[in-house]
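# Structure at a glance
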2 protein chains.
Amino acid sequence: MSGNLDYFFFPESVAVVGASKTPGKVGYELLRNLTEFYRGEIYPVNPTADEILGLKAYPSIKAIPDRVDVAVISVPAEKVLEAVVDAGEAGVKGLIVISGGFKEVGHEGAEREKKLVETVRKYKMRLIGPNCVGVYVPKSGMNTLFLPKTRQGFPPHGHIAFVSQSGAFGSAVLDWAALRGLGMSKFVSYGNKADVDDDDLLEYLKKDPDTRVITMYIEGVEDGKSFFKALRDTTPVKPVVILKSGRTEAGARAASSHTGALAGQDKVYDAAFKQAGVLRAHGMEELFDMALALALQPPSHGPRVAVLTVGGGSGVMATDALSDLGLQVPRLSDVTVEKLRRVLLPIASPYNPVDVTGSARDEHLIQAAEILMKSGEVDVILWLPYYIVPGVTEKLNPEFIKLVNEINNTLQHPIPIVGVATGGSYTVKYSAEAESMGIPMYLSPERAAKAVKALVDYGNWLKTTGKFSEYIENLRKRLPQ
Amino acid sequence: MSGNLDYFFFPESVAVVGASKTPGKVGYELLRNLTEFYRGEIYPVNPTADEILGLKAYPSIKAIPDRVDVAVISVPAEKVLEAVVDAGEAGVKGLIVISGGFKEVGHEGAEREKKLVETVRKYKMRLIGPNCVGVYVPKSGMNTLFLPKTRQGFPPHGHIAFVSQSGAFGSAVLDWAALRGLGMSKFVSYGNKADVDDDDLLEYLKKDPDTRVITMYIEGVEDGKSFFKALRDTTPVKPVVILKSGRTEAGARAASSHTGALAGQDKVYDAAFKQAGVLRAHGMEELFDMALALALQPPSHGPRVAVLTVGGGSGVMATDALSDLGLQVPRLSDVTVEKLRRVLLPIASPYNPVDVTGSARDEHLIQAAEILMKSGEVDVILWLPYYIVPGVTEKLNPEFIKLVNEINNTLQHPIPIVGVATGGSYTVKYSAEAESMGIPMYLSPERAAKAVKALVDYGNWLKTTGKFSEYIENLRKRLPQ
């Protein structure tokens, strides 16, 4: 059923049905975004215009002389069906129906949606939507969102795919991701998911070479069994992190008025997610904090964490946060403590947390990391560099990361590194640099601890499914050595 | 014992013992910060220099011809006592000892600290430290931190006081607060708290007119009973939010190697905090998320929350987050639903969450807020404006906030407003504007929910202590009407 949905994300040509000449209207703003991002052919469809935004306009899809891969439809609900028939007869492959006025508005809308799906099937097309904001693909520039660039940011290309049942939340997340510098491979808002649904997208994204981690915001699914199967098929290959709302009774009631979704018993979802190896997030920040670590770092082979810190207080908070999540911060062996003592300052604390203190210099952090990684006593390193202290210089990031990569190339189970840098502009600059070099960086120990937990949980899941080594092998093929 | 510690925060003159001519040294950087922030008299003390950073230097404190309010001491540990005797004889009131090498380094250091305290008491001085970064007061410019402005940011004046047992964490928080635009009244890092301790600072900050909320990072206290009493005295007057680390077994071990603090049984702290009306935070973001709401908004008279949202998905997530914390998101009465239906778009959802939808305009949010505030059915409003949608304009913040303030002036129990705006640059700009007008704004519903919980919990505490009405009265005197 799913087939290859590539044409939705990398179409050669796109028609915009409902293209408008009036700034502020969805049909104008959407077309304008498309002209600014997308590099393929664009055909505005509007029966009363000859030209819009410098592009020749057509009265209908059938009137377009060339092949159209995808038709984006933004006309009143009662006119959608006509446009869909038109698209079907013109040989369009994929439809993205932005228009609302379907299942989400009650009985009449549900009937309309049923006819819509029948027509789509009849012409062997596929449909994203209705009642959605569609797709955004940085790599191809395919972009059906209708908020102007002046209000809404769009993130760069990266390795996180994001599927959202809520269009408004999806837009806000893209906007936030742009500011955060979080790269995305594909964004899909599928609204009522009348045709293309979670299962289809999981199957597609599982094979998508640009996607390393799949993130989803969902309020409910119709066919739980099929969803579970799709998840179960995907998670041994790629991590799936899900933010499922409507968790509480009041939340479920809210979800039902929002998308008409049956939020279902949360316990059922929770158990199913656990059995399918899904990592569950409880908010946007957690969703992407987890995804970032999974996109940049290998999964962890165990739960033993070394806390390597410049600030004692943050080391204590990190230890609390890790312990809260059931992770271990084991005291190091006497041999390792002795090795650390030899390279660190006399005032440093060589146990775990390894507190190099605010008087430390770059080399103390680097030498401590080397000793910890080679000790065989820890599986993950949580790194708190405090870029502001006098002894930490601009050489720390490149030298630290070079060392980490070199050692990890020699280890059977590479040791993931997760970073914390609490601070202002100076810190943010160096934190972003570390992240661009592959280390996920967080503002607080608590958020980083959840990212560590995701790496440990996913590592555990890969071990359970017997896929740990295969995953690491693929990672080594992919990453620059 | 405590007396008035004003001279530490608003000294007329400060001596810097250990002032240095060498950039990069603590004694130089500290003096430089002081010259850049502080507007009183500064006297560098250095036996081998005549002048430092354009200021006349003195060989000892006693050699300074004028009165010295505070001596900041940054010399090696073994030379501290001599400087302290000198200060005592010169009639200095307050000492801030930055130097480490005391209780935190073991037996010898503990002996040294004991002598230090004896000397301080003998001369009837007060001491902040040793082993600390001291104080930062935006209003007076008193600043004993030694990281340069190029690395570390300093927040503007505001109404949150922050007391930190960890100097490095304290510095990082100031830096983060500067970037976040979070105003502070006073920052105190008291290190080993050999003399001025939590109790003294609580007593001082309780009376401090610039401080509306007291935040603390602590790893442990020596005299639990006395601390509890100080907390119990303070919380009916001002909210106290505490981030106490060393909560877990591993964390307590880490805290003990950090400051030698006895982290104690966390359950004991937790129970004491509850009995003393302290709000407990579990991380930096939570600490200041809670403090911000308490500094800007009145406490809530009850647990009933209205969720007023432009985005359906975020409304669901907000409802989940509020429910998780034991707060209510009650369905509104038929009368209120009908009133909302009359002013909102047909596609809006008038229950609770009140989802005005992404097609809403400013007036829908404003009219809905008015109906909710006057309904008597809710105690708090969680507001999710989604600044990016087309119908929301630059008029929303001023008009919304004007209305809210007008209605709150007529209510016996004012209704606090907490906001959520998930997004990028455009959103951040309008979010900062709303905050400058008095509405605390958060990036995610989960973080905002914790802020709402703080307002509800503090309101509850004030009701328990019989101080609710008095607190609201004081608030009304203070706030511009």
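Residues numbered from 1 in each chain as written. Chains lettered and ligands numbered in written order. Predicted model: local features only at pLDDT ≥ 70, side-chain atom pairs only at ≥ 80, totals over all residues. Heavy atoms only, no water.

## Brief notes about the pattern of salt bridges
- A full pass over the atoms with the stated rule returns 68 salt bridges over all chains.
- E470 of chain B is the partner of K467 of chain B in a salt bridge, and the nearest nitrogen-oxygen pair spans 3.6 Å.
- Sharing partners across several salt bridges, the network here consists of E285, D289 and R447 of chain A together with E285, D289 and R447 of chain B. (Salt bridge = Lys/Arg side-chain N within 4 Å of Asp/Glu carboxyl O.)

## Observations concerning helix 17 (residues 468–478) of chain B
- Along helix 17 of chain B, the residues classified as buried are F468, Y471, I472 and L475 of chain B. Across the axial projection of helix 17 of chain B, the buried residues extend over an arc of 95 degrees, all falling on one side. (Buried < 20%, exposed > 50% of the residue type's maximum accessible area, 1.4 Å probe, protein only. Helix = DSSP H or I, 4+ residues; strand = E, 2+ residues; numbered from the N terminus. Arc of directions from axis to C-beta.)

## Re the packing of helix 10 (residues 284–296) of chain A against helix 16 (residues 445–464) of chain A
Residue and element names in this part refer to chain A.
- Following both chains from N to C, one finds helix 10 and helix 16 inclined at 55 degrees, their axes separated by 8 Å at the closest point. Overall, the two elements helix 10 and helix 16 adopt an arrangement that is oblique. Note on packing geometry: the crossing formed by helix 10 with helix 16 is right-handed. Of the residues in helix 16, those touching helix 10 at E285, E286, D289, M290, A293 and L294 are R447, K450, A451, A454, L455 and Y458. (Axes fitted to C-alpha atoms, helices over the stretch in contact; angles between N-to-C directions. Parallel < 35°, antiparallel > 145°, perpendicular 65-115°, else oblique. Left-handed = near helix turned anticlockwise from the far one by under 90°. Contact = heavy atoms within 4.5 Å.)

## What about the interface of chain A and chain B?
- Residue-level contacts link 66 residues of chain A with 66 residues of chain B.
- The tally of links between chain A and chain B comes to 4 salt bridges.
- Of the charged contacts in the structure, one is a salt bridge between E285 of chain B and R447 of chain A, with a shortest N-O distance of 3.0 Å.
- In this assembly, chain A and chain B are joined by 30 residue pairs in polar contact (both at pLDDT 80 or more).
- Every element with two or more residues in the side of chain A that touches chain B is listed here: helix 5 (167–180), helix 8 (249–259), helix 10, helix 11 (312–324), helix 15 (425–436) and helix 16 of chain A.
- At 10 residues, the largest contribution of residues to the side of chain A that touches chain B is made by helix 11 of chain A.
- Split by residue class, the side of chain A that touches chain B holds 27 nonpolar, 27 polar and 12 charged. (Polar contact = N/O pair within 3.5 Å; in protein donor to acceptor, adjacent residues only side chain to side chain. Nonpolar A, V, L, I, M, F, W, Y, C, P; charged D, E, K, R; others polar.)

## Topic: the side chain of D289 of chain B
- Here D289 of chain B lies in helix 10 (residues 284–296).
- Given the relative accessible area of 5%, D289 of chain B is considered buried.

## Looking at the sheet that holds strand 8 (residues 134–137) of chain A
Residue and element names in this part refer to chain A.
- Taken together, 7 strands build an open sheet; the order of strands is 9-8-11-10-12-13-14 and the sheet is mixed. Bordering the open sheet on either side are strand 9 (142–143) and strand 14 (279–281), each of which pairs with just one other strand.
- As paired strands, strand 8 and strand 11 (residues 184–189) are joined by 3 bridges and run antiparallel to one another. Pairing of G134 across the sheet is with S189, part of strand 11.
- Relative to the sheet, helix 9 (residues 266–275) contacts strand 12 (213–218), strand 13 (240–244) and strand 14, its axis offset from that of strand 13 by approximately 175 degrees. (Pairing = 2+ DSSP bridges.)

## Brief notes about the relation of the copies chain A and chain B
- When chain A is fitted to chain B, the best match, at an RMSD of 0.0 Å, comes from turning it 180 degrees and sliding it 0.0 Å along the axis. Here the transformation between the copies is reduced to the relation of a two-fold axis.
- Interface residue correspondence from chain A to chain B reaches 100%, placing this contact among same-surface, isologous pairings. (Least-squares fit on C-alpha atoms with pLDDT ≥ 70 in both.)

## Quick word on the pairing of strand 2 (residues 41–45) of chain A
Residue and element names in this part refer to chain A.
- Counting buried positions along strand 2 gives 4 out of 5 residues, so the element sits mostly inside the fold.
- Direction of pairing for strand 1 (residues 13–17) relative to strand 2: parallel, over a ladder of 5 bridges. By the bridge assignment, V16 is partnered in strand 2 with P44.
- The parallel pair strand 1 and strand 2, bridged by helix 2 (residues 26–37), forms a crossover whose chirality is right-handed. (Right-handed = clockwise from strand over helix to strand, strands pointing away.)

## With respect to unusual backbone geometry
Residues and elements named next belong to chain A.
- A cis amide bond links G129 with the next residue in sequence, P130, at an omega value of -5 degrees.
- Within the fold, P130 resides in the loop between strand 7 (126–128) and strand 8.
- Going from N352 to P353, the amide bond is cis rather than trans, its omega being 5 degrees.
- Residue placement: P353 occurs in the loop between helix 12 (334–343) and strand 16 (354–355).
- Even without being glycine, K124 reaches a positive phi, approximately 55 degrees.
- Look at K124 and you get exposed, because its relative accessible area is 75%.

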